[in-house]
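Chain by chain, the residues run as shown.
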Amino acid sequence: MEKLHEGQKAAIYKELALKDILTGLYSRNAYDEWERDNQHPDKTAIVMLDLNNLKKCNDRYGHEAGDTYLKKASEMITNAFSQENTVYRIGGDEFVVIEQDVLESEFYSKYEMLLKRMKELEISVATGYIWKERCLNLSEILQEADQKMYEDKKRYYSIAQNDRRRR
C-alpha cells in the first residue's frame, strides 16, 4: 500500500512539473521536453502567441482579471487546435501551439479560426506561425516563428501608438 501511495505521489509530481496550474495547459517544462525529443518533425505547424495588454489588464483591473484573460485565451487556443497536447504556456503571456502530421490547409484553417474568435472576444494577440513539410532544423523554424510573432507585436504597438497620437 505504501508503494502504491509513493507511485501516486510520483505521478502527481510529474503532472505538476508538466502542467501549468492556472490554465491547465502543458508547461514550459513539457515544451522543452517535446523540443528535445522532436528535432526533425515533418508536416509540422508551429504557432507562437503572445497576448497583448496583459500588463495593462493587470494594472487597470487587477491580477484576477489578468488571470481570467489568460484562461480565456488558453481555452480559445486549445479549442482552435484539436489535439489537447499541442498547446503549451511557456511564459507569463506566451503560448506555443505545435501541430504534427497536419496538412498545411488544415493548419491554416484552424489558425484563421483562432484569430477570428479572439477578435470577436476582444483578445489581442501577436502571433508568428510556420508550417513545414520537412523539418531539417527545429531550432531554426522555432526561431522563425518567434521572430514573426515579435514583428506582429511591434506592428500592434506601433498602430496603438499612432492611434493615441491622433486622439
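Quick summary incoming for the structure in this document. (Residues numbered from 1 in each chain as written. Predicted model: local features only at pLDDT ≥ 70, side-chain atom pairs only at ≥ 80, totals over all residues. Heavy atoms only, no water.)

**Concerning the overall build of the protein**
In terms of regular secondary structure, the protein is built from 6 helices and 4 strands. Along the protein, helices and strands appear, N-terminal first, in the series α-α-β-α-α-β-β-α-β-α. Intrachain contacts of the protein at a sequence separation of at least 6 include 70% that bridge at least 24 residues. For the protein, the exposed surface amounts to about 10500 Å²; the carbon and sulfur share of it is 48%. (Helix = DSSP H or I, 4+ residues; strand = E, 2+ residues; numbered from the N terminus. Contact = heavy atoms within 4.5 Å. Areas by Shrake-Rupley, 256 points an atom, 1.4 Å probe, with all protein chains shown as cover.)

**Digging into the packing of helix H3 (residues 54–61) against helix H4 (residues 63–80)**
Where H3 contacts H4, the two axes come as close as 7 Å, and the packing angle between them is 145°. Taking contact as the criterion, the partners of Leu54, Cys57, Asn58 and Tyr61 in H3 are, on H4, His63, Ala65, Gly66, Tyr69 and Leu70. Taken together, the residues that form the contact of H3 with H4 break down as 6 nonpolar, 3 polar and no charged. (Axes fitted to C-alpha atoms, helices over the stretch in contact; angles between N-to-C directions. Nonpolar A, V, L, I, M, F, W, Y, C, P; charged D, E, K, R; others polar.)

**Overview of the sheet that holds strand E1 (residues 44–51)**
Across the sheet, which stays open at both edges, the 4 strands sit in the order E2-E3-E1-E4 with antiparallel pairing between neighbours. Taken across any chain shown, the strands that pair with only one partner, and hence form the sheet edges, are strand E2 (87–89) and strand E4 (125–132). Across the sheet, the mean angle from the axis of one strand to that of its neighbour is 15°, orientation sign disregarded. Packing against the sheet, helix H5 (residues 104–120) makes contact with E1, strand E3 (94–100) and E4, and its axis sits at approximately 175° to E4. (Pairing = 2+ DSSP bridges.)

**Quick word on the environment of Thr127**
Of note, Thr127 is situated in strand E4. Excluding residues that lie within four positions of it along the chain, Thr127 makes contacts with Val47, Met48, Leu49, Tyr111, Leu115, Lys148, Met149 and Asp152. A distance of 2.4 Å separates polar atoms of two side chains, one belonging to Thr127 and the other to Tyr111. (Polar contact = N/O pair within 3.5 Å; in protein donor to acceptor, adjacent residues only side chain to side chain.)

**What about the pattern of salt bridges?**
In this structure the tally under the stated criterion is 10 salt bridges. Linking Arg28 and Asp32 is a salt bridge whose minimum nitrogen-to-oxygen distance equals 3.1 Å. Residue Arg28 and its partner Asp32 are both found in helix H2 (residues 28–37); the two are separated by 4 residues, about one turn of the helix. Classification of Asp32 by relative accessible area gives partly exposed; the value is 27%. A single network of salt bridges, built from pairs that share partners, joins Glu99, Glu106 and Lys110. (Salt bridge = Lys/Arg side-chain N within 4 Å of Asp/Glu carboxyl O. Buried < 20%, exposed > 50% of the residue type's maximum accessible area, 1.4 Å probe, protein only.)

**Here we look at the side chain of Asp50**
One can find Asp50 in strand E1. Only 3.2 Å separates the side chain of Asp50 from the side chain of Lys153, close enough to count as a polar contact. Apart from the residues within four sequence positions on either side, Asp50 is in contact with Asp93, Glu94, Val125, Ala126, Met149 and Lys153.

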